[in-house]
Amino acid sequence: MRKEFAYADARPSGIVLSETESDIIEAAALKVAAQYADYSLHSTDLLHAVELAAAALPSRVRRALISFRDESNAGGTLLLRGLPLGSLPATPARVEDEPAWTDVPVATLGQLMVMSVLGRSISYSDEKSGNLVQDVSPKRGAENRQENSGSILLELHTEDGFHPAAPHFLSLICLRGDRDGRAATVTGGIGDVLPHLAEETVAALRRPEFRTRFSTSFVHDTDEEVLTPPVPVLSGPEANPDLRVDFHGTIGTTPAARAALAELEDAVLGSLRGIVLRPGELVILDNRRTVHGRTGFTPRYDGADRWLRRSFALADLRPVLDDLGEGRSHNAITARRPARGLAAAA
Ligand SMILES: O=C(O)CCC(=O)C(=O)O
Ligand SMILES: [Fe+2]
């Protein structure tokens, strides 16, 4: 397995919020938190209040989000810096220690406010108990997992690329940085990579000859290997294709598909952007236009480890209304109901 990622520093491209702007967002978040303290984050009323509160975001930030939502960009990422976090509990080293949203109201609601400009919040009941905002912190015993609870290098992937309703956008807000400054979140945008791919590679990536293994965070420790039906890696408009791949979990089903996958990975590895996230920084990923991963790091499980929180958004909720169980949590799809419909949704 690869040991490190080489990347260009993404921090200079970030939009920096002033202290005043951050204070205004914090006040708006606390107002919603006070009014909805007894509500689940999945509550429609709460989520609508969050969407209204997003008016507290500075207009240049909202403009950047709107433009990113509609047209994306070459790197498929947007970085905001200086978001408010409020006071924070210890970094959870066990799933049982993950806080309620009301223990991290400012970070949680600020993140959801940003995401509300991009789409509709969603989660997956197969994963992380369907939490609408999920803790991304190293968990004891999970060190070697290809999941965000691990601490070895996390290979480049489309988030939930095996899922019929994979998120269109995801965001990661940093509550606590890696004190060793090692854990870098890296992204590879198809817009950056496409000009470097040979024509026959692009043609091969557009053929439905790729299958992706379901993440272990969905199928847990079942012995059964669950794979998607064969789908293309690239789809959609010629100059602005969608990308769906996991360099850990996607296999080519033909020699040409395997060669194209290898060339794509090389090209992505040669054009990575990355950042060792610091508190208050929020990286937003266009999940149809970029893959992401993370370098390895060393957790200590002392309450001060790296801690991010993640949330997902779909551009439109209507296609999944029948699939939603509790609140915004997408019903389980694995084992009993594998990813039928993935090809149609790709
Ligand atoms: O830890 C990171 O920087 C990224 C983890 C990740 O891929 C995820 O949470 O989806
Ligand atoms: Fe991820």
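The structure displayed is predicted, hence computed values, not measured ones. (Residues numbered from 1 in each chain as written. Chains lettered and ligands numbered in written order. Predicted model: local features only at pLDDT ≥ 70, side-chain atom pairs only at ≥ 80, totals over all residues. Heavy atoms only, no water.)

Peer 1: I'd like to hear about the overall build of the protein, residue by residue, with values.
Peer 2: Along its length, the protein carries nine helices and 17 strands. Taken against the 2.2 N^0.38 rule, which gives 20 Å for 346 residues, the C-alpha radius of gyration of the protein at 19 Å falls within 12% of a compact globule. With respect to the principal axes defined by its C-alpha atoms, the protein has extents near 55 × 45 × 40 Å. Relative to its full complement of 346 residues, the protein shows a buried share of 58%. For the protein, the share of sequence-separated contacts (at least 6 apart) that also reach a separation of at least 24 residues comes to 82%. Per element, the accessible surface of the protein, about 14,500 Å² overall, is 49% carbon and sulfur. Side chains of the protein carry 38 positive and 47 negative charges; the gap between the two charge centres is 1 Å. (Helix = DSSP H or I, 4+ residues; strand = E, 2+ residues; numbered from the N terminus. Rg over C-alpha atoms; globule rule 2.2 N^0.38 Å. Buried < 20%, exposed > 50% of the residue type's maximum accessible area, 1.4 Å probe, protein only. Contact = heavy atoms within 4.5 Å. Areas by Shrake-Rupley, 256 points an atom, 1.4 Å probe, with all protein chains shown as cover. Lys, Arg positive; Asp, Glu negative; His and termini not counted. Charge placed at Lys NZ, Arg CZ, Asp CG, Glu CD.)

Peer 1: Just give me the short version of the sheet that holds strand 8 (residues 185–189), but keep the residues and values in it.
Peer 2: Ordered in space as 1-13-8-15-6, the five strands form an open sheet in which the pairing is mixed. Edge strands, defined here as strands with exactly one partner in the open sheet, are strand 1 (8–9) and strand 6 (154–157). Summarising the sheet, strand 8 and strand 13 (residues 273–275) pair through three bridges and their orientation is antiparallel. Counted as the bridge partner of Thr187 is Arg273 from strand 13. (Pairing = 2+ DSSP bridges.)

Peer 1: Quick rundown of the nonpolar core? Include the residues and the values.
Peer 2: Generally speaking, a soluble globular protein has its nonpolar side chains buried in company with each other. Counting residues in hydrophobic clusters, the biggest one holds 43 residues, and the most contacted among them are Leu65, Leu109 and Ile284. The set of elements that each furnish at least two residues to this core consists of helix 1 (19–35), helix 2 (44–53), helix 3 (59–71), strand 3 (77–81), helix 4 (105–118), strand 7 (169–176), strand 14 (282–286) and strand 16 (307–314). Of all the elements, helix 4 adds the most residues to this core, at eight residues. Dropping the residues within four chain positions of it, Leu109 is found in contact with Ala29, Val32, Ala33, Leu41, Leu46, Val50 and Trp101. The next biggest cluster of nonpolar side chains, apart from the first, holds 27 residues, and it includes Val193, Leu243, Val245 and Val276. (Core = buried A, V, L, I, M, F, W, Y, C linked by side-chain atoms within 4.5 Å.)

Peer 1: With reference to specific residues and values, describe the site of ligand 1.
Peer 2: The environment of ligand 1 is made up of Val136, Asn148, Leu154, His157, Glu159, Leu172, Thr185, His292, Arg294, Arg306, Leu308 and Arg310. The side chain of His292 places a nitrogen or oxygen atom 3.1 Å from an oxygen atom of ligand 1. Among the elements of the structure, strand 6, strand 15 (290–294) and strand 16 are those that each provide at least two residues to the shell around ligand 1. Residues of the shell around ligand 1, tallied by class, amount to four nonpolar, four polar and four charged. (Near = heavy atom within 4 Å. Polar contact = N/O pair within 3.5 Å; in protein donor to acceptor, adjacent residues only side chain to side chain. Nonpolar A, V, L, I, M, F, W, Y, C, P; charged D, E, K, R; others polar.)

Peer 1: How would you sum up the packing of aromatic side chains? Please name residues and give values.
Peer 2: Scanning the entire structure with this criterion turns up four aromatic pairs. On the numbers, 4.8 Å between centres and 75° between planes, the contact of Tyr36 with Tyr39 is edge-to-face. Residue classification places Tyr36 among the buried positions, given a relative accessible area of 12%. Judged by centre distance (6.0 Å) and plane angle (50°), the ring pair of Phe68 and Phe169 falls under tilted. With Phe68 in helix 3 and Phe169 in strand 7, this pair connects stretches of sequence that are 101 residues apart. No difference in accessibility class separates Phe68 from Phe169, as the two residues are buried. Just above the ring of Phe297 sits the side chain of Arg306; from NZ or CZ to the centre is 5.5 Å. (Phe/Tyr/Trp six-rings, centres within 6.5 Å; stacked < 30°, edge-to-face > 60°. Lys NZ or Arg CZ within 6 Å of the ring centre and 35° of its normal.)

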